[in-house]
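Close look at the chain arrangement
Listed below, chain by chain, are the residues.
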Amino acid sequence: GAVVSQHPSWVICKSGTSVKIECRSLDFQATTMFWYRQFPKQSLMLMATSNEGSKATYEQGVEKDKFLINHASLTLSTLTVTSAHPEDSSFYICSARAPGGLGTDTQYFGPGTRLTVL
Amino acid sequence: AQSVTQPDIHITVSEGASLELRCNYSYGATPYLFWYVQSPGQGLQLLLKYFSGDTLVQGIKGFEAEFKRSQSSFNLRKPSVHWSDAAEYFCAVGYPYNQGGKLIFGQGTELSVKP
């Protein structure tokens, strides 16, 4: 149980184009999903918190107009990197929170999406 | 604000030897603590978690961790390391559900295993 998928697993795009990444919770409903960015040999940096049916909450320094997040259902959140540039190349990882009661919920992570912008 | 420190960037152990990965946290209340493992190019897999109760937590793959409030630590241990344990290990502290539930990660410790 508690499986999270991401699609695509890797994508290469040209500078200036937009790329959409999907995050799905396959066997549970996730009212909250999180998007992280990870540079090589570095830790995960939280980009935003996505709540179903409401606007995402972005971390300080993350451009909300560049990284569009939509959480339209309890099992799907999408991250769209708009007008991508080479500096947006990174490993993007999503997680979904599986509630287990107050204080016991846990985040389960997707396998990540490798984005390369040429 | 919460923070997590993993003092060791890279550790090398021999196969069959014991392992301890260090994690220190900063948080004003009882923390929710996690250890995740990441294999190359992969997402994160939950090894174990601590919310409350017994301070010695058992996880998957033979790992355990001990919460020590007095030392603000949550070190990960394994009595006998296997070559397949080579990976990146992340300690994380979590905000409670009613405060958004987000995770703050440490810098990670890369584990190499010598044959």
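Remember, predicted model here, so these are calculated numbers, not experimental data.

Conventions we followed
- Residues numbered from 1 in each chain as written.
- Chains lettered and ligands numbered in written order.
- Predicted model: local features only at pLDDT ≥ 70, side-chain atom pairs only at ≥ 80, totals over all residues.
- Heavy atoms only, no water.
- Helix = DSSP H or I, 4+ residues; strand = E, 2+ residues; numbered from the N terminus.
- Rg over C-alpha atoms; globule rule 2.2 N^0.38 Å.
- Buried < 20%, exposed > 50% of the residue type's maximum accessible area, 1.4 Å probe, protein only.
- Contact = heavy atoms within 4.5 Å.
- Areas by Shrake-Rupley, 256 points an atom, 1.4 Å probe, with all protein chains shown as cover.
- Lys, Arg positive; Asp, Glu negative; His and termini not counted.
- Charge placed at Lys NZ, Arg CZ, Asp CG, Glu CD.
- 1 Å grid on protein atoms, 1.4 Å probe; cavity = no way out; pocket = protein on both sides within 12 Å on 5 of 7 lines; lining within 4 Å.
- Points joined across faces, edges and corners; volume = space filled by probe spheres on them.
- Buried area = accessible area lost by both parts, 1.4 Å probe.
- Salt bridge = Lys/Arg side-chain N within 4 Å of Asp/Glu carboxyl O.
- Polar contact = N/O pair within 3.5 Å; in protein donor to acceptor, adjacent residues only side chain to side chain.
- Nonpolar A, V, L, I, M, F, W, Y, C, P; charged D, E, K, R; others polar.
- Pairing = 2+ DSSP bridges.
- Axes fitted to C-alpha atoms, helices over the stretch in contact; angles between N-to-C directions.

1. Side note on the overall build of chain A
Counting its secondary structure elements, chain A contains zero helices and eleven strands. Along chain A, from the amino end to the carboxyl end, the secondary structure elements read β-β-β-β-β-β-β-β-β-β-β. The C-alpha atoms of chain A give 14 Å as radius of gyration, which agrees with the globular expectation for 118 residues (13 Å, within 12%). Per-residue burial for chain A yields a buried fraction of 51% across its 118 residues. For chain A, the share of sequence-separated contacts (at least 6 apart) that also reach a separation of at least 24 residues comes to 55%. Within the structure as shown, chain A displays about 5700 Å² of accessible surface, and the carbon and sulfur contribution to it stands at 55%. Averaging the positions of the 10 positive and the 9 negative side-chain charges in chain A gives two centres separated by 5 Å.

2. Concerning empty space enclosed by the protein
Across all of its chains, the model carries one cavity of 30 Å³ or more by this definition. One number sums up the size of the largest cavity: a volume of about 70 Å³. Lining the largest cavity are Arg97, Asp105, Thr106 and Gln107 of chain A together with Tyr32, Phe34, Phe51, Gly94, Tyr95, Gly101 and Leu103 of chain B. Secondary-structure elements contributing two or more residues to the lining of the largest cavity are β10 (106-109) of chain A together with β5 (32-38) of chain B.

3. What about the interface of chain B and chain A?
If you look at the interface, chain B gives 21 residues, while chain A gives 22 residues. The contact between chain B and chain A buries some 1800 Å² in all, and 55% of this surface belongs to carbon and sulfur atoms. For the pair chain B and chain A, the number of links is two salt bridges. Note that Lys102 of chain B and Glu59 of chain A form a salt bridge whose closest N and O atoms lie 3.1 Å from each other. Put simply, chain B and chain A have six residue pairs in polar contact (both at pLDDT 80 or more) between them. Going through the elements one at a time, β5, β6 (44-50) and β11 (103-105) of chain B are the ones with two or more residues in the side of chain B that touches chain A. No other element matches the four residues that β5 of chain B contributes to the side of chain B that touches chain A. Looking at side-chain class alone, the side of chain B that touches chain A contains ten nonpolar, eight polar and three charged residues.

4. Topic: the sheet that holds strand β1 (residues 4-7) of chain A
Residues and elements named next belong to chain A. The strand order across the open sheet formed by four strands is β1-β3-β8-β7, and the pairing between neighbours is antiparallel. Taken across any chain shown, the strands that pair with only one partner, and hence form the sheet edges, are β1 and β7 (67-73). Shown here is a sheet whose adjacent strand axes are inclined to one another by a mean of 15 degrees, direction ignored. Bridge count between strand β3 (residues 19-25) and strand β8 (residues 76-81): six bridges; the pairing is antiparallel. By the bridge assignment, Arg24 is partnered in β8 with Leu76.

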